[in-house]
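Structural characterization, general
Residues per chain are reported as follows:
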Amino acid sequence: MLRLSKKADYALMAMKHLATRTDLASASAREIAEQYDIPVELMAKVLQRLARRGLLTSHQGTRGGYRLARAASTISVADIIQSIDGPLTVTACSTEAENCGQYAKCSVRDPLWRIKDRILAALATCSLQEVSTEPPPDEPAVPLAFTKNSR
């Protein structure tokens, strides 16, 4: 199961918040944290990390805060998650450098690595703009439920 850290969740929330601002003004860590009931100190750390990774720009002063460093259409969900959590992993041996007693005989490592690559590719094709845009009224807002075919 792929599970994001709380910090990655908060980063996605903050990035969406900034992407949906119509006034293009900076937003402070406090403003974003209060909007989503997140501790200010934690939000500040998340925003600082996103800025260090080049996804946000920060501005000092009374009207300071954070803005997207580039267009939301050019920032992928993978960019955001990996800025916070580092490289995506699905197994304990996600790199060849890992020390595992089963490494030489493992029969699922390579298939799992291919699955990880597919997940990462999917996250990389989903832009912040796509996440920030509400679905059209004729599209369902929730995923469709799949039912078993009774043939």
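Residues numbered from 1 in each chain as written. Predicted model: local features only at pLDDT ≥ 70, side-chain atom pairs only at ≥ 80, totals over all residues. Heavy atoms only, no water.

**Thoughts on the confidence of the model for the chain**
The predicted model of the chain has a mean per-residue pLDDT of 85, with 85% of residues at 70 or higher. Per-residue pLDDT, averaged within each element of the chain, yields its smallest value for helix 5 (residues 109-125) (89) and its largest for helix 3 (residues 40-52) (97). (pLDDT = per-residue confidence, 0-100. Helix = DSSP H or I, 4+ residues; strand = E, 2+ residues; numbered from the N terminus.)

**Describing unusual backbone geometry**
Of note, the phi angle at Asp37 is positive, near 55°, even though the residue is not glycine. Among the secondary structure elements, Asp37 is positioned in the loop between helix 2 (29-36) and helix 3.

**A short note on the layout of surface pockets**
Put simply, the largest pocket is a space of about 150 Å³. Put simply, the parts of the chain that give the lining of the largest pocket at least two residues each are helix 1 (6-19) and strand 2 (65-68). When residues in the lining of the largest pocket are grouped by element, the largest group, three residues, is from strand 2. Its residues placed into classes, the lining of the largest pocket shows six nonpolar, no polar and two charged. (1 Å grid on protein atoms, 1.4 Å probe; cavity = no way out; pocket = protein on both sides within 12 Å on 5 of 7 lines; lining within 4 Å. Points joined across faces, edges and corners; volume = space filled by probe spheres on them. Nonpolar A, V, L, I, M, F, W, Y, C, P; charged D, E, K, R; others polar.)

**Things to note about the packing of helix 4 (residues 77-85) against helix 5**
Each pair of packed helices gets described by two things: the angle between the helix axes and the distance between those axes. Running from N to C, helix 4 and helix 5 point in directions that differ by 115°, and their axes come no closer than 5 Å. Two secondary-structure elements touch here, helix 4 through Val77, Ala78, Ile81 and Gln82 and helix 5 through Leu120, Leu123 and Ala124. Taken together, the residues that form the contact of helix 4 with helix 5 break down as six nonpolar, one polar and no charged. (Axes fitted to C-alpha atoms, helices over the stretch in contact; angles between N-to-C directions. Contact = heavy atoms within 4.5 Å.)

**Some thoughts on the nonpolar core**
If you look at the biggest cluster of nonpolar residues, it comprises 30 residues, and the most contacted ones within it are Met15, Met43, Leu47, Leu50, Leu56, Leu68 and Ile80. Among the elements of the structure, helix 1, helix 2, helix 3, strand 2 and helix 4 are those that each provide at least two residues to this core. (Core = buried A, V, L, I, M, F, W, Y, C linked by side-chain atoms within 4.5 Å. Buried < 20%, exposed > 50% of the residue type's maximum accessible area, 1.4 Å probe, protein only.)

**Regarding the environment of Ile80**
Mapped onto the fold, Ile80 is located in helix 4. Separated by 43 residues in the primary sequence, Ile80 and Leu123 place their C-alpha atoms 9.7 Å from one another. Setting aside anything within four residues of it in sequence, one finds Ile80 in contact with Ala11, Leu12, Met15, Leu50, Leu55, Ile75 and Leu128.

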